[in-house]
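# Observations on the model geometry
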Amino acid sequence: MHNITLIKGDGIGPEITDAVVKIIKAVGVDIVWDIQTAGADVIEKEGVPLPQRVIDSVKRNKIALKSPVTTPIGKGFRSVNVQLRKELDLYANLRPCYNLPNIETRYENVDIVVVRENTEDLYAGIERQVDENTAESIKIITRAASERIAEFAFDYAVKNNRKEVCVVTKANICKLSDGLFLDCARKIAKKYPNIGFREILVDNCCMQLVQNPNQFDTLLLPNLYGDIVSDLCAGLVGGLGIAHIGKDYAVFEPVHGSAPDIAGQDKANPTAMLMSAIEMLNLKGETTAAAKIKSAVFETLKSGIKTADIGGNASCSEFTNAVVQRL
């Protein structure tokens, strides 16, 4: 039996969360869900989008499955995701990116893993208003965090039979900050002679990704570039689920937004949330169940049962029931 925190989020979050819980129950994994709420809907009742009870729950259970939480743009409360990462020191953001069957995309046989540093860079949120016409944001890069994420990327490559780690920076312009990140990656690479290593500038990386994504294996990036490039990779294959991993805790979630415009309409696609749950089950040692769910999802997609966002006409519940039936 596993005790796992379940953060339902807002928008379409509760719908895709319920879908995933139903599918995991069908595969027979015994989980006691510690259900928590966070985000915009919680502010009215508790005054903050991320109550301490949520953080305490994750610390108690060591692991969480989280659905999307709305983050206001340019105003309002700070990102719940950023707060969770800082509070729990979830320093590694792992984003596998690969094609799913029967989903039309521009490229085939894409298999890229994005490893993003998750705690510093511009996401440290150190900003100030210099005057009414000028705002300033500080980019933080440290040796400790950079070496730690590089170790994670190379260890992951070894454990998962990856061939290469490619470090992505803008060290030609940000010579001190990105330069430090690059130097750390070079240092760690020397400890892994059996894993290929190369370097690329982030702008060139983006161009290469849309021209020939199959050339890339594992990408290692600072926080900001990692966020942008992983979304680009999601566009290559149609979406992805992600894991935030630290020394003591791990949080799994889909990379897409909360889509409040379709909330409650049974239109949401739970696939990315399912992919996140599969990674979570693998981490908990439930590899057989994870493989069964992945197979059931793939078979459902192959049969033509798809939600509207990927060219089908199935509702969220119809897609979920089809996966359950295959299990």
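Below, the structure is looked at part by part. All of these numbers come straight from a predicted model, not from anything done at the bench.

## Thoughts on unusual backbone geometry
For lysine 62, which is not glycine, the phi dihedral falls at a positive 75°. With respect to the secondary-structure elements, lysine 62 resides in the loop between α3 (52–61) and β3 (63–66). Judged by its relative accessible area of 44%, lysine 62 is partly exposed. Despite not being glycine, aspartate 89 has its phi angle at roughly 50°, a positive value. Mapped onto the fold, aspartate 89 is located in the loop between α4 (80–88) and β4 (92–98).

## Some thoughts on helix α7 (residues 202–211)
Turn by turn, an α-helix covers 3.6 residues, leaving residues three or four places apart pointing in a common direction. Residues of α7 that are buried include every one of Val202, Cys205 and Leu209, and no others. Across the axial projection of α7, the buried residues extend over an arc of 50°, all falling on one side. Against the buried residues of α7 lie β5 (111–117), β8 (164–169), β9 (196–201), β10 (218–221) and α8 (223–237).

## Some points on the packing of aromatic side chains
Overall, the coordinates contain 3 aromatic pairs when judged by the stated rule. Look at phenylalanine 154 and tyrosine 192: their rings are 5.1 Å apart centre to centre, the planes differ by 20°, and that puts the pair in the stacked class. Separated by 38 residues along the polypeptide, phenylalanine 154 in helix α5 (residues 143–159) and tyrosine 192 in the loop between α6 (177–189) and β9 bring together distant segments of the chain. As far as the burial class goes, phenylalanine 154 and tyrosine 192 line up, both buried. The structure contains a cluster of three or more aromatic residues connected by ring pairs, namely Phe154, Tyr192 and Phe197. Between the NZ or CZ atom of arginine 116 and the centre of the ring of tyrosine 123, over which it lies, the distance is 5.0 Å.

## Considering the nonpolar core
With 63 residues, the main nonpolar core has Ile24, Leu65, Leu220, Met280, Ile293 and Val297 as its most contacted residues. Look past the residues within four positions of methionine 280 in its chain and what remains in contact with it is Ile4, Ile24, Trp33, Ile63, Leu65 and Phe252. Counting 19 residues, the second-largest nonpolar core is a separate cluster that includes Val110, Val114, Phe216 and Leu221.

## Here's the deal with the pattern of salt bridges
Counted under the stated rule, the structure contains 20 salt bridges. Residues aspartate 121 and lysine 139 are paired through a salt bridge, measuring 3.1 Å at the closest nitrogen-oxygen approach. Here the residue aspartate 121 occupies a position in the loop between β5 and β6 (127–131), and lysine 139 occupies one in the loop between β7 (134–137) and α5, the gap between them amounting to 18 residues. We note a salt bridge from aspartate 183 to arginine 186, for which the minimum N-O separation is 3.3 Å. With aspartate 183 and arginine 186 both in helix α6 and 3 residues apart, the pair spans about one turn of that helix. For aspartate 183, a relative accessible area of 42% puts it in the partly exposed group. Among the charged side chains, a network of salt bridges with common partners joins Arg95, Arg116, Asp227 and Asp231.

## Quick notes on the state of the cysteines
Evaluated as defined, the whole model comprises 0 disulfides. The thiol sulfur of cysteine 174 is not disulfide-bonded, and the nearest other cysteine sulfur, from cysteine 206, lies at 14 Å. Cysteine cysteine 233 is unpaired, with the sulfur of cysteine 97 as its nearest cysteine sulfur at 4.8 Å.

## Some remarks on the pairing of β8
Within β8, 6 of the 6 residues are buried, which leaves it mostly tucked inside the rest of the structure. Of the two faces of β8, the one carrying Glu164, Cys166 and Val168 and the one carrying Val165, Val167 and Thr169 are both buried. Direction of pairing for β8 relative to β9: parallel, over a ladder of 6 bridges. The residue bridging glutamate 164 from the neighbouring strand is glycine 196, located in β9. Between β8 and its parallel partner β9, the chain crosses via α6, and the hand of that crossover is right-handed. Relative to β10, β8 runs parallel, the two sharing 3 bridges. Paired with valine 167 across the two strands is leucine 220, which belongs to β10.

The rules behind these values
- Residues numbered from 1 in each chain as written.
- Predicted model: local features only at pLDDT ≥ 70, side-chain atom pairs only at ≥ 80, totals over all residues.
- Heavy atoms only, no water.
- Helix = DSSP H or I, 4+ residues; strand = E, 2+ residues; numbered from the N terminus.
- Buried < 20%, exposed > 50% of the residue type's maximum accessible area, 1.4 Å probe, protein only.
- Arc of directions from axis to C-beta.
- Contact = heavy atoms within 4.5 Å.
- Phe/Tyr/Trp six-rings, centres within 6.5 Å; stacked < 30°, edge-to-face > 60°.
- Lys NZ or Arg CZ within 6 Å of the ring centre and 35° of its normal.
- Core = buried A, V, L, I, M, F, W, Y, C linked by side-chain atoms within 4.5 Å.
- Salt bridge = Lys/Arg side-chain N within 4 Å of Asp/Glu carboxyl O.
- Disulfide = S-S within 2.5 Å.
- Pairing = 2+ DSSP bridges.
- Right-handed = clockwise from strand over helix to strand, strands pointing away.

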